[in-house]
Amino acid sequence: MGKEKVTEIDFLKWENSFSSLPSSFFTFLDPLPLTNPYMVSFSESAAALIDLGSSELLSQNGVNTFSGNAIPSASKTLSAVYSGHQFGQWAGQLGDGRAILLGNVQTENGPWELQLKGAGVTPYSRRGDGRAVLRSSIREFLCSEAMFGLGIPTTRALCITGSKDAVYRETAETASVVTRMSPTFIRFGSFEHWYYSENSENLKILADYTLQTFYPELLEKENPYKALLSEVIRRTASMVAQWQSVGFMHGVMNTDNMSILGLTLDYGPFGFMEAFNQGHICNHSDHQGRYSYVNQPHIGHWNCRALAQSLLPLIGTVEEVQEVLTEYLPAYRARYDDILHQKLGLESKYPEDQKLFDTLFSIMQESQVDFTLFFRRLSTLKIEEFESNTAIRDLFINRDAFDDWSVQYRKRLKLENSSDESRKIKMNAVNPKYILRNYLLQVAIENAENDDFTEVNKLLKIMERPFDEQPEYEEYANLPPDWAADIAVSCSS
Ligand code: AMP
Ligand code: MG
């Protein structure tokens, strides 16, 4: 298997900003080629961010570059080291066990790093094979772009390439590479790495690089490291509030999966809430439910504490660090409260609103109401309604409970003279109609495993516009079929 070393997508102006850090931050290495790679799917909107057209992506050059079979001549390909807390325990050194950075491309909107995930073993692979399977690549690719469509901060996904090379998980599957894009892939765990190895020099270098490259406005603050922690806390709290608001569950909120930019990072056993259950655990390997839906906001805080601990030597005193940490919960609550008001079409705020929200979630839990359908349909409720709205009411097993709640809700709407017409438009702009349900993914994955990528491409198109009515794809908004109850999503990827 020969590798063309000089081929590259001509007009990508590669820079290798991360590689200017000291050599202990990474290992230079080449991706390992796949046999006869092909393009599975690509995101036109992600490609547009780096001015890449579909013809370039689909060319032999494009396929070779994004499968690791050709290395752009200007790229210094590398894997980065980091550490982290996994499921609440210090896990020590981890690192890019299967991800290889091609470098970054400078654009009008700042830098975009391009990273091949599944490109072969690295010094950080531990017992892993360095590969990713088609199933998990499709999940990461589609969810990255779906989250972007939902307006939630996330890393992007450029494309998936595949090959018939076998990769062994519970069964034999095939190899795949997903090209991810992010201004940076630096994680909380990147800071923990230097803190726990007591390398204060590298800790400072990493923090300075992060500030200079991604948060230059904070350099003017009295204590830029404290300002950095504060901003990361604000972004993380806001991101988790947005997750909760669409029922997104990450599944593996380990500190090595927490982006220093407050982006959703590392899509593995994620899930979107269907039948509402606060305690829902989307990752079947998470036996304790550490990363259940209801726990996510607290884990976000826990993870920020781990980051804060690591930044302590730079910030100065424990008191200063603790002061910043107190910002998390109010930031989370304020953002979540704002979004809940929007989801219910409420423009004003009253102290009693909390009770309205609490009652709603408790009756949704009791009746296991589909999260997405409920909020979407709620926009069709009329303030003065003489016949009950069966489309909403029928989602509840306990219909009386919904009737009681809707009386309170209507009263509340009247308080602000809400108009049915304009409320509906605003609510539909925040309550998605289409989410990446596990059963939809499952069908797309099974077809793709039989070389039919139509469904992957179709889901991509639908999830790029989750708030729009798409009459031709009405059935993609449906409740999961009975067989979907058996889908189990684990860490295996
Ligand atoms: P995750 O929690 O899936 O983000 O991964 C945790 C750690 O395991 C990271 O250091 C990954 O790079 C590494 N890892 C996961 N899967 C593999 C694999 N198949 N080969 C090598 N390393 C892996
Ligand atoms: Mg990870």
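From a predicted model like this one, the values you see are computed outputs, not experimental measurements.

Novice: Outline the overall build of the protein chain, supporting the account with residue identities and numerical values.
Specialist: The helix and strand inventory of the protein chain stands at 17 helices and 13 strands. Against the 2.2 N^0.38 benchmark of 23 Å for 493 residues, the protein chain shows a C-alpha radius of gyration of 23 Å, consistent with a compact globule. Expressed as lengths along the three principal axes of its C-alpha atoms, the size of the protein chain is roughly 70 × 60 × 45 Å. With 493 residues in all, the protein chain has 58% of them scored as buried. Total accessible area computed for the protein chain in this model is approximately 20100 Å², and 50% of it derives from carbon and sulfur atoms. Between the averaged position of the 45 positive side-chain charges in the protein chain and that of its 64 negative side-chain charges there is a distance of 2 Å.

Novice: Explain the nonpolar core to me, and be specific about the residues and the numbers.
Specialist: L344, M364, F374, W405 and L436 are the most contacted members of the largest nonpolar core, which has 124 residues in total. When residues of this core are assigned to their parent elements, the largest contribution, twelve residues, is made by helix α7 (residues 224-246). Not counting the four nearest positions on each side in its chain, F374 is found in contact with L360, M364, V369, I392, L395, F396, F402 and W405. Formed by 27 residues, the second largest nonpolar core is a distinct cluster that contains L57, W112, V133 and L158.

Novice: Describe unusual backbone geometry, listing the residues and the values that go with them.
Specialist: The phi angle at N36 is positive, at roughly 40 degrees, despite the residue not being glycine. If you trace the backbone, N36 turns up in the loop between β2 (26-28) and β3 (38-42). Among the residues examined, N36 registers a relative accessible area of 63% and is labelled exposed. Unlike most non-glycine residues, D51 shows phi in positive territory, near 55 degrees.

Novice: Now, about the packing of helix α5 (residues 188-196) against helix α8 (residues 296-315): what can you tell me, with residues and values included?
Specialist: Here α5 crosses α8 at 45 degrees, and the two axes come no closer than 9 Å. It follows from the interaxial angle that α5 and α8 lie oblique. In this structure, α5 meets α8 at a crossing whose hand is left-handed. Contacts from F188, F191, E192, Y195 and Y196 of α5 reach α8 at N303, C304, A306, L307, Q309, S310, L311 and P313.

Novice: Please set out the coordination of the magnesium ion (ligand 2) residue by residue, giving values where relevant.
Specialist: Ligation of the magnesium ion (ligand 2) by protein atoms is provided by N257 (OD1) and D266 (OD), these donors lying 1.9 to 2.2 Å from the ion. Pair check on accessibility: N257 and D266 agree, each one buried.

Novice: Talk me through the pairing of strand β5 (residues 83-86); I want residue IDs and the actual numbers.
Specialist: In this structure, β5 lies alongside strand β6 (residues 89-93), joined through three bridges in antiparallel fashion. Looking across to β6, one finds that H85 is bridged to W90. Adjacent in sequence and paired antiparallel, β5 and β6 are bridged by two residues, among which F87 carries a positive phi angle near 50 degrees.

Novice: Kindly report on helix α6 (residues 200-214), identifying the contributing residues and their values.
Specialist: Along its 15 residues, α6 runs 21 Å from first to last C-alpha, staying within 8% of the 21 Å computed at 1.5 Å per residue. Considered for burial, the residues of α6 that qualify are N202, L203, L206, A207, D208, Y209, T210, L211 and F214. In this fold, the buried residues of α6 make contact with β8 (110-117), α5, α7 and α8.

Novice: Describe the site of ligand 1, and please don't skip the residues or the numbers.
Specialist: Around ligand 1 sit 17 residues in total, of which G95, G97, R126, G130 and D266 are the nearest. The separation between a nitrogen atom of ligand 1 and a polar main-chain atom of R131 is 3.2 Å. Considered on its own, ligand 1 offers 480 Å² of accessible surface; in the complex 81% of this is hidden by protein. Residues from two domains meet in the shell around ligand 1; each of domain 1 (4-185) and domain 2 (189-338) gives at least three.

Novice: Explain the environment of T236 residue by residue, including any values.
Specialist: Along the chain, the position of T236 falls in helix α7. The exposure class of T236 is buried, given its relative accessible area of 1%. Put simply, T236 and K433 are 197 residues apart on the chain and 25 Å apart in space, counted from C-alpha to C-alpha. Leave out the neighbours within four places in its chain, and T236 touches F188, M258, G300, C304 and Y328. A distance of 2.7 Å separates a polar atom in the side chain of T236 from the backbone oxygen of V232.

Novice: Please give an account of the environment of M463 that cites residues and values.
Specialist: Relative to the helices and strands, M463 is located in helix α17 (residues 454-464). On the basis of relative accessibility, which here comes to 2%, the residue M463 falls in the buried class. Separated by 321 residues in sequence, M463 and L142 place their C-alpha atoms 8.0 Å apart. Sequence-distant contacts of M463, defined by excluding residues within four places in its chain, comprise E145, A146, G149, Y434, I435, L436 and L440.

Novice: Which residues make up helix α10 (residues 328-343), and what values go with them?
Specialist: With 16 residues, α10 should cover 22 Å at 1.5 Å per step; its first-to-last C-alpha distance of 22 Å lies within 8% of that length. Along α10, the positions that sit buried rather than exposed are Y328, Y332, Y336, I339, L340, H341 and K343. Downstream of α10 by one or two residues, G345 has phi in the positive range, about 70 degrees.

Conventions adopted
- Residues take numbers from 1 onward in each chain, read along the sequence in its written order.
- To read the labels, note that chains go from A and ligands from 1, taken in the order they are written.
- Side-chain atom pairs in this predicted model are given and counted only at pLDDT of 80 or more, local residue features only at pLDDT of at least 70, and totals for whole chains, interfaces and linings cover all residues.
- Side-chain metrics in this entry use all non-hydrogen atoms of the structure; hydrogen atoms and water are not considered.
- Runs of H or I in DSSP of at least four residues are treated as helices and runs of E of at least two as strands, each being numbered from the N terminus.
- The globule rule is 2.2 Å times the number of residues to the power 0.38, and the radius of gyration it is compared with is taken over C-alpha atoms.
- Accessibility here uses a 1.4 Å probe with only protein chains present; expressed as a share of the type maximum, an area under 20% marks a residue as buried, one over 50% as exposed, and anything in between as partly exposed.
- Using a 1.4 Å probe, the Shrake-Rupley method yields the accessible areas, and only the shown protein chains count as cover for residues.
- Charge counting follows a simple rule: Lys and Arg are positive, Asp and Glu are negative, and His as well as the terminal groups are ignored.
- A charged residue contributes its charge at one atom only: NZ of Lys, CZ of Arg, CG of Asp or CD of Glu.
- Buried residues of nine kinds, namely Ala, Val, Leu, Ile, Met, Phe, Trp, Tyr and Cys, make up a nonpolar core once their side-chain atoms join them within 4.5 Å.
- Note on definitions: a residue-residue contact is assigned when non-hydrogen atoms from the two residues lie within 4.5 Å.
- Here, axes are lines fitted to C-alpha atoms. For helices the fit covers the stretch in contact, and angles between N-to-C directions go from 0 to 180 degrees.
- Working rule for angles: under 35 degrees goes down as roughly parallel, over 145 as roughly antiparallel, 65 to 115 as roughly perpendicular, anything else as oblique.
- Here a crossing is called left-handed whenever its near helix is offset anticlockwise from the far helix by less than a right angle, and right-handed whenever the offset is clockwise.
- Water is not among the atoms examined, so metal sites may look incomplete; donors are the N, O and S atoms within 2.8 Å of the metal, or within 3.2 Å for Na, K and Ca.
- Strand pairing follows a simple DSSP-based rule, namely that at least 2 bridges must link the two strands.
- Helices are assigned an expected span. That span is 1.5 Å times one less than the residue count.
- One heavy atom within 4 Å of a molecule or strand makes the whole residue count as near it.
- Whenever two N or O atoms come within 3.5 Å, that pair is a polar contact, provided that in protein one can donate a hydrogen and the other can accept it, and provided that, for residues adjacent in sequence, both atoms are side-chain atoms.
- Boundary definitions for the domains trace back to an automatic or database domain assignment.

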